[in-house]
Structures are given as structure tokens and as C-alpha cells.
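Residue-level listing of the chains:
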Amino acid sequence: MSKNKKILIAIIVLIILVILILIVWFYFKMGGGIVNLNTNLAPLNQTGQLPASTNKNVNTAPITPEEQKLVLGQAEVKRLAMAFAERFGSYSNESKFENIKDAKVMMTDSLASWADNYIKELLQKENPDASYSGVTTKALSVQFSNFDENAGSAKATVLCQKIENKGNTTNPKTSYEKLNLDLKKVDNKWLADNAKWEK
């Protein structure tokens, strides 16, 4: 082997070694090589099971099917209410009220009919030369004032954050509003039946 080839092989080996050292160093520097052993774990008993809890404040009563149905039903309605509020409350004057049209899939027929009339009314009042105006709505929480799974009715208030942009978007105005919703179960599906904003 020539002297140049030996020098080239030595340089390649050195470069590979430096790369490996750097990889190992970064691995340990980032905490990847350190194993945090938690020694505060409860010891296993002789049968290999964790010992029974000594905390007397733990409620271990099983959830009844009715309670489970209520919790799941409220969770479903909460998701619907939040999604509806965000879609219903977010708009821009350039979108021709698509937000309300998009929210119609979450409305009863009566609320959808109101929405169609409301859109027509807004389109007649619209100024085509107006500068940009838009609102982005984020649902923050839902509170139920009434929830009856068996009757298929619920009343909920959705607290929303609204960020309004007019003209340019450099100075948005933030406000908080509540959307009061009446919800109804139609054909085994929860839908918004009435919606009113409250400042």
C-alpha cells in the first residue's frame, strides 16, 4: 500500500472516531444516557402484587351505568358545543358567512332555517367596499345549566375568546363572550337548536 493511501485511511478512521465521540457526548449531554431510577416505588408483596392502598380517602365505588351514560353524554355535547361555538363565531367579511353555512351540519332544521334567513339579511347589509374584518373564536369552557340525556335536551353556555381584526391584522382586539346554546338530540345525534351571544 502506498504512503498516501495509508494517510487517507488514517484520516478517515480519525474522522469516524471523532464523529462517534461527538454522538456519544451529545447523547449523554442531552440526558439520553442517564437513567432515572425512582426508588420511591412501593415494594411488591410476596405474591408479586402491589400492596393495597392505605389511603382511606379514595372512592373506589364503581360508576353506575347511568352515571357513565351521563358522563359520556355530557362529553359528547361539550365537544359539539365547543366546535359549534368556534365555527359559528369565527368569520370574515371576505368569506360570505361560510362559518354559518359550515355550522349548519350541527344545527336542527329550525336553527338551520333561521341561519339561512340570517345569512340573506347579512348579505343585503354587506358593504362590498369595506376593508377586511374578521373574528377568530376559541371556545374555552362549557357549563351546563340543564342536561337530560333521556329527554334529549340540554342547555349550555360556552365561554369564548374572540380575536377581532379590522383593516390590518397588526392590532387585534381580544374580547370574551358567552354563547348560550339550547341543544337537542335528533335521530340519536346532538344538534344546536338555538344560539345567542351574550357579552
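Look a little higher up for the structure.
Note that the structure is predicted; figures quoted are calculated from it, not measured.

A. Up close: helix H2 (residues 65–89). Relative to the 36 Å expected for 25 residues at 1.5 Å per residue, H2 spans 36 Å between its end C-alpha atoms, a close match to the ideal helical length. Among the residues of H2, Gly73, Val77, Leu80, Ala81, Phe84, Ala85, Phe88 and Gly89 are the ones counted as buried.

B. Local environment of the pairing of strand S3 (residues 153–166). Relative to S3, strand S2 (residues 133–148) runs antiparallel, the two sharing 14 bridges. In the sheet register, glycine 134 faces S3, and the bridge partner there is asparagine 165. Hairpin connection of S2 to S3: four residues between the antiparallel strands, including glycine 152 at a positive phi of 70°.

C. Molecular detail of the packing of aromatic side chains. Per the counting criterion, the structure on display carries six aromatic pairs. With a centroid separation of 5.1 Å and 15° between ring planes, the pair formed by phenylalanine 84 and phenylalanine 88 is classed as stacked. Of this pair, phenylalanine 84 and phenylalanine 88 both sit in helix H2, four residues apart, roughly one helical turn. Judged by relative accessible area, phenylalanine 84 falls into the buried class, the value being 1%. By relative accessible area, phenylalanine 88 is classed as buried at 8%.

D. Spotlight on the side chain of glutamate 149. Of note, glutamate 149 is situated in the loop between S2 and S3. Since its relative accessible area comes to 16%, glutamate 149 is described here as buried. A distance of 2.6 Å separates the side chain of glutamate 149 from the side chain of lysine 185, its partner in a polar contact. Contact partners of glutamate 149, with chain neighbours within four places excluded, come to Lys69, Gly73, Lys185 and Trp190.

Reading the values: the criteria
Residues numbered from 1 in each chain as written. Predicted model: local features only at pLDDT ≥ 70, side-chain atom pairs only at ≥ 80, totals over all residues. Heavy atoms only, no water. Helix = DSSP H or I, 4+ residues; strand = E, 2+ residues; numbered from the N terminus. Expected span 1.5 Å × (residues − 1). Buried < 20%, exposed > 50% of the residue type's maximum accessible area, 1.4 Å probe, protein only. Pairing = 2+ DSSP bridges. Phe/Tyr/Trp six-rings, centres within 6.5 Å; stacked < 30°, edge-to-face > 60°. Polar contact = N/O pair within 3.5 Å; in protein donor to acceptor, adjacent residues only side chain to side chain. Contact = heavy atoms within 4.5 Å.

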